[in-house]
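Chains, contacts and geometry: an overview
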Amino acid sequence: TSTGALGLTATTPSGLFTNGAGNLTYNVTGTPSNAGNASFALNIGGKTCSYSIPVKLQQGTISSLLCGQTMTMGTLKGEQAASGVSFKVPYSGGNGGLYSAITSVTSTGVLGLTAQTPADTFAVGADSILFSVSGTPDKGGVASFSFTIDGKTCTHNIPVSLPNARIGGSLDCGN
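Everything numeric in this text was worked out from a predicted model, so none of it was measured.

What follows is about the overall build of the chain. Regarding its fold elements, the chain presents zero helices and 17 strands. Against the 2.2 N^0.38 benchmark of 16 Å for 175 residues, the chain shows a C-alpha radius of gyration of 26 Å, more extended than a compact globule. C-alpha atoms of the chain, sized along the principal axes, occupy 110 × 35 × 20 Å. Counting the 175 residues in the chain, one finds 27% classified as buried. Considering only contacts within the chain whose residues lie at least 6 apart along the sequence, 57% involve residues at least 24 apart. A total accessible area of about 10,700 Å² is found for the chain, and carbon and sulfur atoms account for 53% of it. For the chain, the separation between the mean place of its 7 positive charges and that of its 6 negative charges on side chains is 12 Å.

Shown next, in the form of structure tokens:
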């Protein structure tokens, strides 16, 4: 089995060695789980060696983003830094290929927030993409995040509760 780029197996049929030099042909099967080098530790006739094959994953595609099923984790409050806030965007029809990082989806409506997700691979079939939210919302209301993945666009709205009330001056308790 492979190390590095996981999910591959190299096999060769059993047989007899020829006198002198010869070659063994390995058949590699499976689906690599990640890009990199698939390394195989070989043990042939009591001798060991390692052989590596570079693995490059295909560009990722999905059939659809399921925008109506997006889920928010955590809460946002106006004028308080976001902490532990994220949202998941489900998709269907993933091909197991790579997608690029989305590093700066800025909020509209309520300003001061950014959503991002690292580069990764789509699952084969259905799964979701996790965006983390950072920054400080400038007020209460609704923070909207619009983003495009594989040519499909979604907007996710997160409610932001009103900030705590403050008095800018002082109280005149005598009146």
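Time to look at the state of the cysteines. What the rule picks out here adds up to one disulfide. Cys67 shares a disulfide with Cys154; S-S distance 1.5 Å. When the S-S torsion is -85 degrees, as for the bridge of Cys67 with Cys154, the disulfide is left-handed. One end of the pair, Cys67, is in the loop between β6 (64-65) and β7 (71-73); the other, Cys154, is in strand β17 (residues 152-161), and 87 residues separate them in sequence. On the basis of relative accessibility, which here comes to 29%, the residue Cys67 falls in the partly exposed class. Of the residues examined, Cys154 reaches a relative accessible area of 3% and is grouped as buried.

Another point: the pairing of strand β15 (residues 124-135). Consecutive side chains of a regular strand alternate in pointing toward one face of the sheet and then the other. Relative to β15, strand β9 (residues 85-95) runs antiparallel, the two being bridged by nine bridges. Its bridge partner lying in β15, Gly94 is registered against Gly125. With four bridges joining them, strand β13 (residues 113-117) and β15 adopt antiparallel strand pairing. Within β15, the residue paired with Thr114 across the bridge is Ser134.

Okay, the sheet that holds strand β5 (residues 47-55) next. Backbone-to-backbone hydrogen bonds pair the strands of a sheet. The strands run either parallel or antiparallel. Sheet architecture is open: three strands sit in the order β1-β4-β5, paired in antiparallel fashion. Each having just a single partner strand, β1 (3-4) and β5 make up the two edges of the open sheet. By the bridge criterion, two bridges tie β1 to strand β4 (residues 36-44) in an arrangement that is antiparallel. Opposite Gly4, over in β4, you have Ala38 as the bridge partner.

Basis of the calculations
Residues numbered from 1 in each chain as written. Predicted model: local features only at pLDDT ≥ 70, side-chain atom pairs only at ≥ 80, totals over all residues. Heavy atoms only, no water. Helix = DSSP H or I, 4+ residues; strand = E, 2+ residues; numbered from the N terminus. Rg over C-alpha atoms; globule rule 2.2 N^0.38 Å. Buried < 20%, exposed > 50% of the residue type's maximum accessible area, 1.4 Å probe, protein only. Contact = heavy atoms within 4.5 Å. Areas by Shrake-Rupley, 256 points an atom, 1.4 Å probe, with all protein chains shown as cover. Lys, Arg positive; Asp, Glu negative; His and termini not counted. Charge placed at Lys NZ, Arg CZ, Asp CG, Glu CD. Disulfide = S-S within 2.5 Å. Pairing = 2+ DSSP bridges.

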